[in-house]
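Okay, here's what each chain looks like letter by letter:
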4 protein chains.
Amino acid sequence: MLNIALIGAGRIGHVHAKTIAAHPQATLALVCDPFGDAAEKLASQYGTRSCKDAEDVFADPEVDAVVIGSPTPLHIPHLLAAAKAGKAVLCEKPIALDMKDVVAAQTELDAITTPVMFGFNRRFDPSFAAVRSAVNEGRIGDLEQLTIISRDPAAPPVEYIKVSGGIFRDMTIHDFDTARFFLGDIVEVHAVGQNLDPAIKETGDYDAAVVTLRATSGAVATIINNRHCASGYDQRLEASGRGGALFAENVRATTVRLSNAEVTDAQEPYLDFFLERYADAYRIELSAFIEAVEADTPTPTTIDDAVEALRLAEAATKAART
Amino acid sequence: MLNIALIGAGRIGHVHAKTIAAHPQATLALVCDPFGDAAEKLASQYGTRSCKDAEDVFADPEVDAVVIGSPTPLHIPHLLAAAKAGKAVLCEKPIALDMKDVVAAQTELDAITTPVMFGFNRRFDPSFAAVRSAVNEGRIGDLEQLTIISRDPAAPPVEYIKVSGGIFRDMTIHDFDTARFFLGDIVEVHAVGQNLDPAIKETGDYDAAVVTLRATSGAVATIINNRHCASGYDQRLEASGRGGALFAENVRATTVRLSNAEVTDAQEPYLDFFLERYADAYRIELSAFIEAVEADTPTPTTIDDAVEALRLAEAATKAART
Amino acid sequence: MLNIALIGAGRIGHVHAKTIAAHPQATLALVCDPFGDAAEKLASQYGTRSCKDAEDVFADPEVDAVVIGSPTPLHIPHLLAAAKAGKAVLCEKPIALDMKDVVAAQTELDAITTPVMFGFNRRFDPSFAAVRSAVNEGRIGDLEQLTIISRDPAAPPVEYIKVSGGIFRDMTIHDFDTARFFLGDIVEVHAVGQNLDPAIKETGDYDAAVVTLRATSGAVATIINNRHCASGYDQRLEASGRGGALFAENVRATTVRLSNAEVTDAQEPYLDFFLERYADAYRIELSAFIEAVEADTPTPTTIDDAVEALRLAEAATKAART
Amino acid sequence: MLNIALIGAGRIGHVHAKTIAAHPQATLALVCDPFGDAAEKLASQYGTRSCKDAEDVFADPEVDAVVIGSPTPLHIPHLLAAAKAGKAVLCEKPIALDMKDVVAAQTELDAITTPVMFGFNRRFDPSFAAVRSAVNEGRIGDLEQLTIISRDPAAPPVEYIKVSGGIFRDMTIHDFDTARFFLGDIVEVHAVGQNLDPAIKETGDYDAAVVTLRATSGAVATIINNRHCASGYDQRLEASGRGGALFAENVRATTVRLSNAEVTDAQEPYLDFFLERYADAYRIELSAFIEAVEADTPTPTTIDDAVEALRLAEAATKAART
């Protein structure tokens, strides 16, 4: 039984709280958030303790592990403090927007042996994970081309976009990790940014993009992003190899199909956004974290993955500008 | 090269004319229809001869084979006359509505060696035929349950229904043949008729029905019929066996799928009716006929199939009444 | 917060325990099972109390409601005792195998006002429920034909089958309820039993069946059952109406599709059996029960549904024999 | 009735001969091929005349139109001679491998009013054409991203590749035209070439590639090419817009799906190659040509389309090298 504290009682914090509380090997021991009564409210839902100061989390002897869902600028301070306090850490991404900060954190973590995992939740999506397992088992021969379609249902507010670090750091970052999950090291990055929404253009950011990555193996990944999709959260991938191909399709709430005079076998829109679409992934991610902590084995993701994804985001940002 | 005459220049006659004209081993030698200038018009489309009297067809020494697409009551007179004149025959179904007439024709044909084939076109549908081949190759083990969904896009006029012989003789007759195609001899017939459309009810006929057939093998076929389907001509089947199942799905004009805020992966309606849905089947049926005639091998369907399908229609008619 | 006791710590008991424990408005207050340490073990998993005698459940003042997952012959005694003790009841099906017993229980329950619900879990399956809602909203016009495909992955042991009451009472019972859920009152029952497995034939039972039901409305439901399906638990339905059709398809663990030189867009087998396939349904069923109890509104299923499903099972048993 | 001569009796010539012969408004008047008895053999199949010298075609007063399926280096000489002789022309692509030659031809054609159409057959594929019509009708709002998947079943012989002009001129050329068909003018070209097959690498060409095109509208097209696909000829596209998306899926010979213990709803491999996959497209393309000639309206494709597609191929060749 792992006593887990949660830092951050926002939207993603609610997901983690629910996932931790429902996990048979975990206890939600403490919820921390400095704003208003957010921590207290969330804690009371699960009958557990709350605090406002993250220092209280790191100092708490009953806390074995910390899930960090605080705002991005606090990720590095929180994870380093937690790790130094000997707590196992599961940190939300992006780790930070500035590469310098991340590399500095990487150096500090090198000296610390406590497990620190990063929340690249899509690796734990049952369908994406099943495709990767099948690829690794050789079901489609050498992997040659990977296509990742990743579209959000709607753009976040312009205020958010202004401080997001740009589409490649904020949105494509997940897809960069997915590409690395399948292809390993990336040696070449091409990017085309699109300005479809004038309001987003004014912020200096793109609202859609196509990125092409060449891997050491010679395989090429294509990432197609859009901040907007009429049918919901469009999250698919195709892994195409010498001997076949594997597809992970969108997820819907039911299997219902409708036929009438206009359409046949019409399905319902995709699950709307990441909380629903990746609910299973968050659950499995937490299990993987707990398993690694309990068994003292390496965590499935590390700060190196966070560094590499950010490096690709920076390269894409540069490539798209030129 | 087989010189083929066509009797009947109606809707199904047009299909046969086109199919014969386009067939590399056949020539459309003569078109016969007693009504107005129907034969002449159709013949001129394909640059061939026409006549009004079927006797001229049977007497024509240049005619090797006859495709009979005349009205149902003329099927038996025409096919017997053609066969007696030594012409190979491909006759449209239903052969007749009265069992007595059919059995009498069967007896007469027993004494004639010229090939006489019946147009159970669905046996030649590429998808249905592929399912049956796979079943015969043992791809799904012993066949246990066959489900045939067969719905017309819209009911024919009430005037037609009144003289059609009833839904089982007119519509289910095709599905009875499909059931026999897959399961062989049928030993038990259950039927439930439905009156959904009051206008058809007044004619004393049903406009929908569910029929259950038990085969000698112990397998059971279920036929679900409806004179109406909002999405077009609904023609599917499922063959379920000990080791798996095979499905033949509906056919559409394109592979296009549409996703928007209401529906995702929505396909277009099914092809509207038999001329479109079974266009390939008519073509392949003609090839099978020509092949059997040229190679002097048994035709893939015979009057025995026509007799047996009609016998099942009669049994269903009786079963539904009780 | 509803304090719920569970009677029966077998396979379905484990499902209910997990579902109750995870429910935000429920507490698993007590687990009861007379055999060995089954109750104790299950209770300890959820940190709750256990007992061996059902009387202790009915007498416990802290217990608000009872979920009954005991063996079928104990369903009626347990539910009557619980209801008389003023506990709300959610009872697994089948309520009993003998109609006389069920009618007697129905009479007794008429005099009791405490809520008693029956576990027709499929009504709560998200896809089946969504189809029914869409039908009720008029999305496909008048419902004309309902087709229910329901195949188990493998037959239970022959010893079980001998005491199961026969395929119609044991397996089709769920589909009878589904048919009633969509069509309301049934006025006519046809049934064809199949003996595909000789070992089951020896028990005097069928291992596959096709049942046709005519509803008061004129709609017809077809149920296709098989104790065996190579691809897993085959649970589908089609509701076909005047203006369109709705399909609830099988459920799989992932959305992955595989293409290679032999197959394309191949999906994985269906979820294996009811615990997986209907996991969501059990959860939603419990919510519906709790909601009805808390709000003092009628439960979505009652003993009348149990009676009517059993009546159809008896009619099918008779019809298949003749 | 249009009298059409065919130049070139190779593989694509056979397709055109069959298509012309079967067309109700066309006559296959003459087949020309200098090699052996190729022309004679093909002509005799359709009961028409043959010749060995293309000059005889251009001089023939009975010939209204010429379909050019000669080797690529002869396309320009043949089409100019035919056009100058007043024949309507339908010319296979690629028009030539060298831009200079094409621009020169374009200038010459500017002075000639006879209709000259280029065989960008995919524009006439029923599914691709239906997607484009739906886009133009505004079914998915502003088109934002187009994804074209285009994989051949197997690479051509290395000897062919050496003289093919490279993957972008030989294979992607079709997809460039498809991109222009949907997006109009292209202002930016990115390309990544892949060397998966060492034998092709030795020729200096790529055997797979990903190309990204930005259109004047701001929309971006992504083309994913591979000389090899285990499942057949992989030809799909997705048009994604502000209000929805449209998908054209692969084509198979039947609608059959197979389920067993390993796979469910598995479909058969895609049609193997362009003669089968685009059989309908060739037929519809010919109809469009005949229609434009007969009605004296502009042909749906012109030498400008050929020039622009080649220009994109050249740009991609350069981009991939850098």
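All of these numbers come straight from a predicted model, not from anything done at the bench.

### Remarks on the pairing of strand S7 (residues 143-151) of chain B
Residues and elements named next belong to chain B. With 9 of 9 residues buried, S7 is to be regarded as a mostly interior element. Across 8 bridges, the pairing between S7 and strand S11 (residues 234-241) is antiparallel. For Gln145, the partnering residue across the bridge sits in S11 and is Ser240. Where S7 and strand S10 (residues 220-226) come together, 7 bridges link them in parallel fashion. Its bridge partner being in S10, Thr147 is matched across the sheet by Thr222.

### Concerning the interface of chain D and chain A
When the parts of a complex come together, some accessible area is lost, and that lost area is often used as the size of the interface. In this complex, chain D contributes 34 residues to the contact, which on the side of chain A involves 34 residues. Interface of chain D and chain A: buried area, both sides summed, is about 2700 Å²; carbon and sulfur atoms make up 45% of it. Three residues, D:Gln145, D:Val192 and D:Arg242, lead the burial of chain D against chain A; their summed loss comes to 22% of the area buried on that side. Applying the counting criterion to the chain D and chain A interface returns 2 salt bridges. A salt bridge links D:Glu238 to A:Arg236; the nearest nitrogen and oxygen atoms lie 2.8 Å apart. Our count for the chain D to chain A interface comes out at 16 residue pairs in polar contact (both at pLDDT 80 or more). The set of elements that each furnish at least two residues to the side of chain D that touches chain A consists of strand S7 (143-151), strand S8 (186-194), strand S9 (208-215), strand S10 (220-226), strand S11 (234-241) and strand S12 (244-248) of chain D. A class-by-class count of the residues in the side of chain D that touches chain A yields 13 nonpolar, 14 polar and 7 charged.

### Notes on the domain arrangement of chain A
Residues and elements named next belong to chain A. With domains assigned, chain A is organised as domain 1 (2-92) and domain 2 (123-284 + 304-320). Measuring from the centre of the C-alpha atoms in domain 1 to the corresponding centre in domain 2 gives 28 Å. Contacts between the two partners involve 6 residues from domain 1, matched on the other side by 4 residues from domain 2. Taken together, the two surfaces of domain 1 and domain 2 that pack against each other cover about 500 Å², and 79% of this comes from carbon and sulfur. Summed over the three residues of domain 1 that lose the most area to domain 2, namely Arg11, Val15 and Thr19, the buried surface amounts to 68% of that side. The tally of links between domain 1 and domain 2 comes to 0 residue pairs in polar contact (both at pLDDT 80 or more). Its residues assigned to classes, the side of domain 1 that touches domain 2 comprises 2 nonpolar, 2 polar and 2 charged.

### Thoughts on the packing of helix H5 (residues 99-110) of chain C against helix H13 (residues 303-321) of chain C
Residues and elements named next belong to chain C. Running from N to C, H5 and H13 point in directions that differ by 165°, and their axes come no closer than 10 Å. Judged by the angle between their axes, H5 and H13 are roughly antiparallel. Once H5 is placed against H13, the crossing between them reads as left-handed. On H13, the residues touching Met99, Val102, Ala105, Gln106 and Leu109 of H5 are Ile303, Asp304, Val307, Leu310, Arg311 and Glu314. A per-class count over the contact of H5 with H13 returns 7 nonpolar, 1 polar and 3 charged.

### Let's talk about the pairing of strand S5 (residues 88-91) of chain C
Residue and element names in this part refer to chain C. On S5, burial covers both faces: Ala88 and Leu90 on one face and Val89 and Cys91 on the other are all buried. Tracing the backbone out of strand S4 (residues 65-68), into helix H4 (residues 72-84) and back to the parallel element S5 gives a crossover that is right-handed. Handedness of the crossover joining S5 and strand S6 (residues 116-118) through H5 is recorded here as right-handed.

### Considering the pattern of salt bridges
Where charged atoms from two side chains of opposite charge come close, those side chains can pair. Under the defined criterion, the tally for this structure stands at 82 salt bridges over all chains. Between D:Asp265 and C:Arg252 there is a salt bridge, with its nearest N and O atoms 3.1 Å apart. Taken together, the residues D:Asp265 in the loop between strand S13 (256-260) and strand S14 (266-267) and C:Arg252 in the loop between strand S12 (244-248) and strand S13 (256-260) connect one chain to another. With respect to burial, D:Asp265 and C:Arg252 carry one shared label: buried.

### Considering the relation of the copies chain D and chain A
Mapping chain D onto chain A calls for a rotation angle of 180° and an axial translation of 0.0 Å; the resulting RMSD is 0.0 Å. Viewed as a symmetry operation, the transformation between the two copies matches a two-fold axis. Minimal C-alpha distance to the rotation axis in chain D is attained by D:His190, lying at 4.0 Å. Take the interface residues of chain D: 100% of them recur as interface residues in chain A, which is what a same-surface contact looks like.

### Comments concerning unusual backbone geometry
In this model, C:Lys93 is joined to C:Pro94 through a cis peptide bond whose omega is -5°. Structurally, the position occupied by C:Pro94 is in the loop between S5 and H5. A positive phi angle, near 55°, is found at C:Asp265, a position not held by glycine. Even without a glycine there, the phi angle at D:Asp296 is positive, about 55°. Tracing the backbone shows D:Asp296 in the loop between helix H12 (279-295) and helix H13 (303-321).

### Details of the interface of chain D and chain B
On the chain B side, the residues contacting the 25 residues of chain D number 25 residues. With both chains or domains summed, chain D and chain B bury close to 1700 Å², and 57% of this area falls on carbon and sulfur atoms. The interface formed by chain D and chain B holds 2 salt bridges in total. Residue D:Glu249 is joined to B:Arg257 by a salt bridge in which the shortest nitrogen-to-oxygen separation is 3.9 Å. Taken together, the connections running from chain D to chain B amount to 8 residue pairs in polar contact (both at pLDDT 80 or more). For the side of chain D that touches chain B, the class distribution of residues is 13 nonpolar, 8 polar and 4 charged.

About the cut-offs
Residues numbered from 1 in each chain as written. Chains lettered and ligands numbered in written order. Predicted model: local features only at pLDDT ≥ 70, side-chain atom pairs only at ≥ 80, totals over all residues. Heavy atoms only, no water. Buried < 20%, exposed > 50% of the residue type's maximum accessible area, 1.4 Å probe, protein only. Helix = DSSP H or I, 4+ residues; strand = E, 2+ residues; numbered from the N terminus. Pairing = 2+ DSSP bridges. Contact = heavy atoms within 4.5 Å. Buried area = accessible area lost by both parts, 1.4 Å probe. Salt bridge = Lys/Arg side-chain N within 4 Å of Asp/Glu carboxyl O. Polar contact = N/O pair within 3.5 Å; in protein donor to acceptor, adjacent residues only side chain to side chain. Nonpolar A, V, L, I, M, F, W, Y, C, P; charged D, E, K, R; others polar. Domains from an automatic or database assignment. Axes fitted to C-alpha atoms, helices over the stretch in contact; angles between N-to-C directions. Parallel < 35°, antiparallel > 145°, perpendicular 65-115°, else oblique. Left-handed = near helix turned anticlockwise from the far one by under 90°. Right-handed = clockwise from strand over helix to strand, strands pointing away. Least-squares fit on C-alpha atoms with pLDDT ≥ 70 in both.

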